[in-house]
Amino acid sequence: MRKFPEGFIWGTATASYQVEGATREGGRGRSIWDTFAHTPGKVAQGHHGDVACDHYHRYLDDIQLMKDLGISSYRFSIAWPRVMPEKGRVWVKGLDFYKRLIHALLEAGIRPAVTIYHWDLPQWIEDDGGWNSRETVSRFREYSEILFRELGDLVPMWITHNEPWCASILGYGLGAHAPGLCDWRRAYRAAHHLLLSHGHTVRLYRELGLKGEIGITLNLTPVYPASSRPEDVAAAHRQDMFQNRWFLDPVLKGAYPEELLRRVDAVVGGFDAVQPGDLEVISAPIDFLGVNYYSRAVVADDPADPLLGVRHVPGEGPRTEMDWEVYPEGLYDLLSRLRRDYGDVPIYITENGAAYDDRVEGGSVHDTNRIEYLALHFAAAHRFLEEGGNLRGYYVWSLMDNFEWAFGYTKRFGIVYVDYETLARIPKDSYFWYQQVIRDRAIAP
Ligand SMILES: N=[N+]=NCCCCNC(=O)[C@@H]1[C@H]2[C@H](O)[C@@H](O)[C@H](O)[C@@H](CO)[C@@H]12
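Just so we're clear, the structure is a prediction, and the values are computed from it rather than from any experiment. (Residues numbered from 1 in each chain as written. Predicted model: local features only at pLDDT ≥ 70, side-chain atom pairs only at ≥ 80, totals over all residues. Heavy atoms only, no water.)

## As for the overall build of the chain
The criterion, for reference: Helix and strand definitions here come from DSSP, where helices need a minimum of 4 consecutive H or I residues and strands a minimum of 2 consecutive E residues; each element is numbered from the N-terminal end. C-alpha atoms define the radius of gyration in this analysis, and the globule rule sets the expected value at 2.2 Å times the number of residues to the power 0.38. Accessible area is worked out with a 1.4 Å probe on protein chains only. A residue is then buried under 20% of its type maximum, exposed over 50%, and partly exposed in between.
The helix and strand tally for the chain stands at 14 helices and 15 strands. Relative to a compact globule of 445 residues, whose C-alpha radius of gyration would be 22 Å, the chain shows 21 Å and is just as compact. With respect to the three principal axes, the spread of C-alpha positions in the chain is 55 × 55 × 45 Å. Buried residues in the chain amount to 62% of all 445 residues.

Set out below in structure tokens:
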């Protein structure tokens, strides 16, 4: 058996817009995802989060599932529109749901890990420029301060942002996510303001003297050259800069990669958002780095690509329902690279999991493919730990099937199946497998 350390944190993760529903309850205002999902053509089959998994009303049953699972921590996000529903209005009562949720988690012996922002920006803030506007930085700090003052003594772990790469590139550059803009200059400005708001919120957390830990979650994708040809190796370097170092370097080293500034700013602009002192704020020391890992990228040199001169080629591994290659070695390589290039920063894997075409058969879901995926990735994490890696915990994405952004409910990531007709929860075989791993604090050899 491969044992994990005493005190290793096993968890599951979700996000507000993906599971809560109740989008018009408790005084909640509209978010950019309400707008985006209700815009025809943006989300598969016209799906939206109005009901989602109805976690807002069913959270006690869901906590019972977590308690039976045996996890020690649950990562969830707070919906900003519940606290700032409209311009000029702060609705602290909008936190009442989260206070109930947090007290119930603590009573169940489960450590709450709160993500302050997981993409559901209040629509009124987007109307005011959204993450393209520097004004949003101070609004995020104001929002964070309300959370810290209301929940700071109850919540021991805070994540400022979830995947600023996705929020900026998919939301403002590619238009695949809310707010659905296709403007690279705004995407780069949005990325900078997301990072700047992270730094100010970390500083605020220190100023308030709160006793927990605070960090940021980045989606990180290790990049491999399609061949050993020097031009492919150089292409992988450029993609790594765009995919990973763009966020890692400012947060952990206090500087953007030089080549990103030179090459990208020349092509798309956007770094005019950087003002003197910003990088010092962004690199405020953090207590941990949250890593979301799903798969790797394999790239070849392609002069026809205007921005980075790369083209993606498929890896040779099996694929998940998201058409992402299953590549557990990438998790080990990623964690090792972080330790090599950024020092011994404490790491949590804040998301890892897979979507598969799960079917209910006689009241069960035999998701052996998801068990295989998780076992391989747990083994990769274990190898890093064996080598002295500073890995603190592992949150499986996701506790339950949920709203998978532009794919709606067509992709299932949960270890618990959700019947969207009845909203019934059915633990999958992977739930029971994970339950045993937690009991053993080990995986089979
Ligand atoms: N082009 N392109 N895109 C590549 C983007 C890849 C990364 N997607 C993620 O990491 C998201 C993360 C998110 O936190 C969660 O809210 C999502 O439900 C999971 C599953 O999708 C993952």
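## A few points about the pairing of strand E9 (residues 297-301)
Side-chain positions along a regular strand alternate between the two faces of the sheet. Counted only if it meets this: Note on pairing: DSSP must find at least two bridges between two strands before they are called paired.
Most of E9 is tucked away: four of the five residues are buried. With three bridges joining them, E9 and strand E10 (residues 310-312) adopt antiparallel strand pairing. Bridged to alanine 300 within E10 is arginine 311.

## Re the site of the ligand
For clarity, the threshold we go by: Near is defined per residue: the residue qualifies when any heavy atom it owns lies within 4 Å of the molecule or strand. Think of a polar contact as two N or O atoms within 3.5 Å of one another; within protein, one of them needs to be a possible hydrogen donor and the other a possible acceptor, and neighboring residues in sequence only count if both atoms come from side chains. Every accessible area reported is derived by Shrake-Rupley at a probe size of 1.4 Å, with residue values counting cover from the shown protein chains alone. Three residue categories are used. Nonpolar comprises Ala, Val, Leu, Ile, Met, Phe, Trp, Tyr, Cys and Pro, charged comprises Asp, Glu, Lys and Arg, and polar comprises the others, including Gly.
With respect to spatial proximity, 15 residues lie near the ligand, and among them Gln18, Glu163, Glu351, Glu404 and Trp405 are the closest. Histidine 118 is positioned such that a nitrogen or oxygen atom in its side chain is 2.9 Å from an oxygen atom of the ligand. Within the contact set of the ligand, an oxygen atom lies 2.7 Å away from a side-chain nitrogen or oxygen of glutamate 163. Isolated, the ligand exposes 510 Å² of accessible area, and the fraction of that covered by the protein chains is 79%. Looking at the shell around the ligand, its residues break down into seven nonpolar, five polar and three charged.

## Points about the packing of helix H9 (residues 230-253) against helix H10 (residues 258-267)
The description of two helices packed together rests on the angle between their axes and the distance between the axes. Rules: Geometry is summarised by axes, namely lines fitted to C-alpha atoms with helices restricted to the contacting stretch, and by angles between N-to-C directions that run from 0 to 180 degrees. Convention used here: angles under 35 degrees read as roughly parallel, angles over 145 as roughly antiparallel, angles from 65 to 115 as roughly perpendicular, and any remaining angle as oblique. By definition in these notes, contact holds between two residues if any of their heavy atoms fall within 4.5 Å.
Their axes nearest at 10 Å, the elements H9 and H10 cross at an angle of 105 degrees. Of the possible angle classes, the one that applies to H9 and H10 is roughly perpendicular. Contacts between H9 and H10 involve His237, Arg238, Met241, Phe242 and Trp246 on the former and, on the latter, Glu259, Leu260 and Arg263.

## A word on the sheet that holds E10
Across the sheet, three strands lie side by side as E7-E9-E10; this open sheet has mixed pairing. Only two strands of the sheet have a single partner each, and these edge strands are strand E7 (223-225) and E10. Neighbour to neighbour, the strand axes of the sheet diverge by 40 degrees on average, direction disregarded. With three bridges connecting them, E7 and E9 associate as parallel partners. Bridge pairing in E9 places proline 225 opposite valine 299. Sheet strands in contact with H9 are E7, E9 and E10, and its direction is about 130 degrees off that of E9.

## Structural notes on the sheet that holds strand E3 (residues 73-77)
With respect to topology, eight strands assemble into a closed barrel ordered E2-E3-E4-E5-E6-E8-E11-E12, the strand pairing being parallel. With strand direction ignored, the average angle separating the axes of adjacent strands in the sheet is 25 degrees. Bridge analysis of strand E8 (residues 288-292) against strand E11 (residues 347-352) gives four bridges, and the strand direction is parallel. Looking at E11, one finds that leucine 289 is bridged to isoleucine 347. Of the strands in this sheet, strand E2 (9-13) and strand E12 (391-397) touch helix H14 (residues 429-440), which is tilted by about 155 degrees from E2.

Honestly, it's all geometry; don't read function into it.
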